[in-house]
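Coordinate analysis (summary)
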Amino acid sequence: MAGILERYRNFYDFPADFPIISLNEGNTPLIPAPKISAEVSRLSGQPDVQVFLKFEGLNPTGSFKDRGMTYAVSKAVADGHTHIICASTGNTSAAAAAYGARAGLKTLIILPGGKVALGKLSQAIMYGAAIVEIDGNFDQALDIVRALGETGKVCVVNSINPYRLQGQKTGAFELCDVLGDAPDDLYIPVGNAGNISAYWMGFKEYADKGISSKRPRMCGYQAAGAAPIVHGHKIEKPETLATAIRIGNPASWQLAEAARDDSGGRIDCVTDPQIVAAYQFLASREGVLCEPSSAASVAGLFKAASLSQVQANSTIVCVLTGNGLKDPDSAIEYGNPQRAQLPADSDQVAAFFGL
Ligand code: AN7
């Protein structure tokens, strides 16, 4: 299927000869989650809660970032840029490097040293980006990107580039298309706060055009050690095992607060143990392996259910923003291994399996 800019062309005003750089992103599955639904009903005491997972890990580079990057990179090409640049906790850099490679642009990446999951770093290397790891965090990397962007020599493709959010709003379109209407609640991880803002734009646009009949409550979840919006101030040294959302000064802070307030939703936080529990539940009970940061949406839903913030007969979508294969170290650390190394002997193997 064609990528998001072609499929949703009517929602954009780019010219007919706009150079679309696409890897056929989008059209990701909306997977029913019966075990999570039952758990939410159990925790909340509310019957008939239907939970779906929007599995963005099945995008071409394995995260939702592809939806925004197709537009940002296409626009960079249209504007005659030769270089794109981004700061990243990993996924933005993977997407920028892939779309940059496809467009024939040079991709420059600034990463928080030692805090990017192995798969994401591998992607940026293979796609051929130039990579600087700083002795600092994402927020410091983004400050450097902003400064370099002001030279005019490079096109910034972080979500301060408005085309990123315009592309990412199609996640909301797709799930409304599949459900036949907007859900009651949307649960989504919050890091730099672009995606929650983009989904809200998409839901508003569908409701304003009469394509959907309602707007969901936007329920965003930060990691407890990196929860500036929850606490109402910047976090100088954000910490969480969910490295993708290890961000202390989100670029789209105000937009995310507006999404929360206009939708009657909330932005709350979940602890690292709650994130790990949801990460394990998703993989071992639903068969869906996302990355730890993505599991913040489901951890948030479980927390909300325990706090009686979930309503009976509601349809809930959790956005799983990235693929679990990007972070094999976390899978090995937090999985529940049932493994043994044995001689090539059927009796011993059978004994281990309890057969
Ligand atoms: C898997 O790649 O910020 O709130 O530099 O990779 O829109 O920032 C990644 C963010 C959630 C948070 N889940 O989304 C980056 C980066 C995953 C992510 C988020 C990110 P935003």
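Note that the structure is predicted; figures quoted are calculated from it, not measured. Note that residues are indexed from 1 along each chain, following the sequence as it is written. In keeping with the model being predicted, local features are shown solely for residues with a pLDDT of at least 70 and side-chain atom pairs are shown and tallied solely at 80 or more, while totals for entire chains, interfaces and linings include all residues. Hydrogen atoms and water are omitted, and side-chain values are computed over all heavy atoms in the structure.

Some points on unusual backbone geometry
- The residue Asn27 is not glycine, and still its phi comes out positive at about 55°.
- Mapped onto the secondary structure, Asn27 falls in the loop between α1 (4-7) and β1 (30-32).
- A 1.4 Å probe rolled over the protein chains alone gives each residue an accessible area, and that area as a share of the maximum for its type sets the label: buried under 20%, exposed over 50%, partly exposed in between. Assessed through its relative accessible area of 40%, Asn27 is described here as partly exposed.
- Residue Asp48 is not a glycine yet carries a positive backbone phi of 55°.
- To qualify as a helix, a DSSP run of H or I must reach at least 4 residues; to qualify as a strand, a run of E must reach at least 2; elements of each kind are numbered from the N terminus. Along the chain, Asp48 turns up in the loop between α2 (34-44) and β2 (50-55).

Let's talk about the packing of aromatic side chains
- Within 6.5 Å between ring centres, the rings of Phe, Tyr and Trp (the latter by its six-membered ring) count as paired, and their orientation is classed by plane angle as stacked under 30 degrees, edge-to-face over 60, tilted in between. Counting across every chain of the model gives 15 aromatic pairs.
- Plain terms: the ring middles of Tyr8 and Phe11 are 6.0 Å apart, the flat faces sit at 70° to each other, and that makes the pair edge-to-face.
- Classification of Tyr8 by relative accessible area gives buried; the value is 4%.
- Aromatic side chains Phe11 and Phe173 sit 4.6 Å apart centroid to centroid with 45° between the ring planes, which places their arrangement in the tilted category. Of the two residues, Phe11 sits in the loop between α1 and β1 while Phe173 sits in helix α8 (residues 170-179), which places them 162 residues apart along the sequence. In terms of burial, Phe11 and Phe173 fall into one category: buried.

Comments concerning the site of the ligand
- Taken together, 22 residues lie around the ligand, and Asn91, Thr92, Asn192, Ala193 and Thr321 are the ones closest in.
- Taking Ser88, its side chain carries an N or O atom lying 3.0 Å from an oxygen atom of the ligand.
- Pairs of N or O atoms within 3.5 Å make up the polar contacts considered here, provided that, within protein, one atom can donate a hydrogen while the other can accept it, and that residues adjacent in sequence are counted only when both atoms are side-chain atoms. Interatomic distance of 2.7 Å between a backbone N/O atom of Ala193 and an oxygen atom of the ligand.
- For the accessible areas, the method is Shrake-Rupley and the probe is 1.4 Å, while residue cover comes only from the protein chains on display. Burial of the ligand by the protein amounts to 99% of the accessible area it has alone, namely 470 Å².
- In a pocket analysis with a 2 Å cut-off to the grid points, the ligand is assigned to the largest cavity.
- Every element with two or more residues in the shell around the ligand is listed here: α4 (91-103) and α9 (194-208). To be near a molecule or strand, a residue needs just one of its heavy atoms within 4 Å of it. A cavity here means a set of 1 Å grid points, computed over protein atoms only, where a 1.4 Å probe fits but cannot escape. A pocket is an open set with protein on both sides within 12 Å along at least 5 of 7 lines, and lining residues have an atom within 4 Å of a point. Occupancy of a cavity or pocket is assigned to a molecule whenever over half of its atoms lie within 2 Å of that pocket's grid points.

Remarks on the pattern of salt bridges
- Salt bridges, as used here, are contacts in which a Lys or Arg side-chain nitrogen is within 4 Å of a carboxyl oxygen on Asp or Glu. Under the counting rule described, the total for this entry stands at 15 salt bridges.
- Glu174 serves as the salt-bridge partner of Arg7, at 3.0 Å between the closest nitrogen and oxygen. Placement of Arg7 in helix α1 and of Glu174 in helix α8 is noted, with a sequence separation of 167 residues between them.
- By relative accessible area, Arg7 is classed as partly exposed at 27%.
- On the basis of relative accessible area, Glu174 is assigned to the buried category, the value being 4%.
- Among the charged side chains, a network of salt bridges with common partners joins Arg7, Lys54, Glu56, Arg67 and Glu174.

All quantities given are derived from atomic positions and should not be read as evidence of function.
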